[in-house]
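Observations on chain architecture
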Amino acid sequence: MTFADPAGRTVRPYNFSAGPAALPEAVLRQAAAEMLDWQGSGMSVMEMSHRGREFMSICERAEADLRTLLAVPSNYRVLFMQGGGLAENAIVPMNLSRGGAVDFVVTGSWSQKSLKEAARYCDARVAATGESGGHFLSVPPASGWQLRPDAAYVHLCSNETIHGVEFAELPDLAALGSNAPLVIDCSSHILSRHIDWSRVGLAFAGAQKNIGPAGVTIVIVREDLIGQALAICPSAFDYRLVAENGSMYNTPPTYGIYIAGLVFQWVLAQGGVAEMDRRAAEKAALLYGFLDASGFYVNRVDPASRSRMNVPFFLRDETLNDEFLAGAKARGLLQLKGHKSVGGMRASIYNAMPLEGVQALVRYLDEFAAAHV
Ligand SMILES: *Cc1c(COP(=O)(O)O)cnc(C)c1O
């Protein structure tokens, strides 16, 4: 399926899926070109031994590029794991909690899920919540967080994909009187802004939002936090074993790592994370600016906590939802339906979404509103 853009060019539809999400077209084209024969090897990447020279070079380059993109310090290990973000909700406490106290800052569904899962392995408690009347509309100010002095770590979700709530800045736990390392679930905004590693002990991300296909999970963890897994931790999920074996303790998701590596190369070629950050700000400003000015649509998240990646919004007249979605699809604007727990619409505008896609969405929003006032 293709459609014509305003300049009359034939383009792929703009895909606003929250995840698995759109990938850069250049990456898909390169993967297609290399599908049957990766760089003269005679093999598809899917057919290679994970311990062979070819795949090892793919994996090493992917890690090196990711380190460059996020300026990962040398005392942090980069792990390519499986199980997705949800598995990390158990894997992190199994590796870091020692079964003791862990504090959670809850700002939406994902941090809520993390809290619930961690409670099976440790003494998990809410340090602060952004919930109010069943809604999550802002990040609670760090000055009010109830942090326990003996917490093994503090967990937060730096971008809540479903509620559209993002930390514009990560907290400095030391300045709040806590020695605990900060753990962030950055699945849905990794590579859209820099990570201040002086404030973060561990960052994890499922790949399927901003990095690549579902199946790869990135874990970046400070070395001194590794090596204290609970006895019940499956060995394939023990960070020490994964790190010691260069993410090859078990067979890693090889094809997903390859695609992630292509995405890293693409981000580097675009100008790196600084450029992704600039584009994210530009795209988000365009979309929120339009929604706020419209009167026909509404987003209720506190502007200081609004996600630059996931923009949930509502038509004030919700009886028009189906017509809105059908009209969007007919114009090549795909997967705008909101998450079932929130309702309404959601436009996910990750790194792979060009400014032109957001412009096309805003044009449609405007025309749809004009046709229904
Ligand atoms: C998508 C997502 C996850 C991971 O989900 P899986 O289905 O387990 O891969 C975790 N956290 C956040 C914030 C997400 O957006």
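It should be emphasised that the depicted structure is a prediction, and the values quoted were computed from it without experimental measurement.

**A short note on the site of the ligand**
By nearness alone, every residue bordering the ligand is listed as Gly 84, Gly 85, Leu 86, Trp 110, Cys 157, Asn 159, Thr 161, Asp 185, Ser 187, Ser 188, Gln 208 and Lys 209. The contact in question runs from an oxygen atom of the ligand to an N or O atom on the backbone of Leu 86, over 2.8 Å. Here an oxygen atom of the ligand sits 2.4 Å away from a polar atom, N or O, in the side chain of Thr 161. For the ligand, whose free accessible area comes to 380 Å², the fraction covered by protein is 85%. For the shell around the ligand, the element with the highest residue contribution is helix α3 (residues 84–96), accounting for three residues.

**Examining the packing of helix α2 (residues 53–70) against helix α6 (residues 254–270)**
Interaxial distance between α2 and α6 falls to 9 Å at its minimum, and their mutual angle equals 40 degrees. Judged on the interaxial angle alone, α6 and α2 are oblique. α6 is crossed by α2, and the crossing has left-handed handedness. For the pair formed by α2 and α6, the contact residues are Phe 55, Ile 58, Cys 59, Arg 61, Ala 62, Asp 65, Leu 66, Thr 68 and Leu 69 on the first element and Thr 254, Ile 257, Tyr 258, Gly 261, Phe 264, Gln 265, Val 267 and Leu 268 on the second. Residue composition of the contact of α2 with α6, grouped by class: eleven nonpolar, four polar and two charged.

**Notes on the domain arrangement of the chain**
Once the domains are mapped, the chain shows domain 1 (3–25 + 272–370) and domain 2 (31–269). A separation of 26 Å is found between the C-alpha centroids of domain 1 and domain 2. Tallying the contact residues gives 30 residues for domain 1 and 33 residues for domain 2. Taken together, the two surfaces of domain 1 and domain 2 that pack against each other cover about 2,400 Å², and 59% of this comes from carbon and sulfur. Per-residue buried area on domain 1 facing domain 2 is highest for Val 273, Ser 305 and Asn 351; these three make up 22% of the total on that side. Counting the contacts that link domain 1 with domain 2 gives zero salt bridges. One can count 14 residue pairs in polar contact (both at pLDDT 80 or more) joining domain 1 with domain 2.

**Side note on the side chain of Thr 161**
Within the element layout of this structure, Thr 161 appears in the loop between β10 (159–160) and β11 (165–166). On the basis of relative accessibility, which here comes to 5%, the residue Thr 161 falls in the buried class. At a separation of 2.7 Å, a polar atom in the side chain of Thr 161 contacts the side chain of Ser 188. Here Thr 161 is in contact with Ala 18, Trp 110, Ser 188, Lys 209, Asn 310, Arg 346 and Tyr 350, once residues within four sequence places are set aside.

**Looking at the UniProt feature "domain: Aminotransferase class V" (unreviewed entry) in the chain**
Per the UniProt entry, the sites bearing "domain: Aminotransferase class V" (unreviewed entry) are residues 14–361 in this numbering. The span residues 14–361 is 32% helical and 18% strand by assignment, and the distance between its end C-alpha atoms comes to 9 Å.

**Some details on the sheet that holds strand β14 (residues 217–222)**
If you walk across this open sheet you meet the seven strands as β4-β14-β13-β12-β9-β5-β6, and the pairing is mixed. In the strand order of this sheet, the two ends are held by β4 (76–81) and β6 (123–129), each with one partner. Going across the sheet, the axis of each strand differs from the next one's by a mean of 20 degrees, ignoring polarity. Strand direction decides the pairing type here: strand β9 (residues 153–157) and strand β12 (residues 182–185), joined by four bridges, are parallel. Paired with Val 154 across the two strands is Leu 182, which belongs to β12. Lying on the sheet, α2 is in contact with β4 and β14; it crosses β4 at an angle near 130 degrees. Running at roughly 155 degrees to strand β13 (residues 202–206), α3 makes contact with β4, β9, β12, β13 and β14 of the sheet.

**Comments concerning unusual backbone geometry**
A cis amide bond links Gly 19 to the next residue, Pro 20, at an omega of -10 degrees. The residue Pro 20 is located in the loop between β3 (14–15) and α1 (25–33) in this model. The backbone phi angle of Ser 247 is positive, close to 65 degrees, even though this residue is not glycine. Looking at where Ser 247 falls in the secondary structure, it is placed in the loop between α5 (239–244) and α6.

**A short note on the UniProt feature "modified residue: N6-(pyridoxal phosphate)lysine" (unreviewed entry) in the chain**
When the UniProt feature table is mapped onto this chain, "modified residue: N6-(pyridoxal phosphate)lysine" (unreviewed entry) is found at Lys 209. In this structure, Lys 209 sits in the loop between β13 and β14. On the accessibility criterion, Lys 209 (11% relative accessible area) is buried. Apart from the residues lying within four places of it in its own chain, the contact partners of Lys 209 are Ala 18, Gly 19, Ala 21, Thr 161, Ser 187, Ser 188 and Tyr 350.

Procedures and definitions
Residues numbered from 1 in each chain as written. Predicted model: local features only at pLDDT ≥ 70, side-chain atom pairs only at ≥ 80, totals over all residues. Heavy atoms only, no water. Near = heavy atom within 4 Å. Polar contact = N/O pair within 3.5 Å; in protein donor to acceptor, adjacent residues only side chain to side chain. Areas by Shrake-Rupley, 256 points an atom, 1.4 Å probe, with all protein chains shown as cover. Helix = DSSP H or I, 4+ residues; strand = E, 2+ residues; numbered from the N terminus. Axes fitted to C-alpha atoms, helices over the stretch in contact; angles between N-to-C directions. Parallel < 35°, antiparallel > 145°, perpendicular 65-115°, else oblique. Left-handed = near helix turned anticlockwise from the far one by under 90°. Contact = heavy atoms within 4.5 Å. Nonpolar A, V, L, I, M, F, W, Y, C, P; charged D, E, K, R; others polar. Domains from an automatic or database assignment. Buried area = accessible area lost by both parts, 1.4 Å probe. Salt bridge = Lys/Arg side-chain N within 4 Å of Asp/Glu carboxyl O. Buried < 20%, exposed > 50% of the residue type's maximum accessible area, 1.4 Å probe, protein only. UniProt positions renumbered as here; feature names shortened; annotations may be inferred. Pairing = 2+ DSSP bridges.

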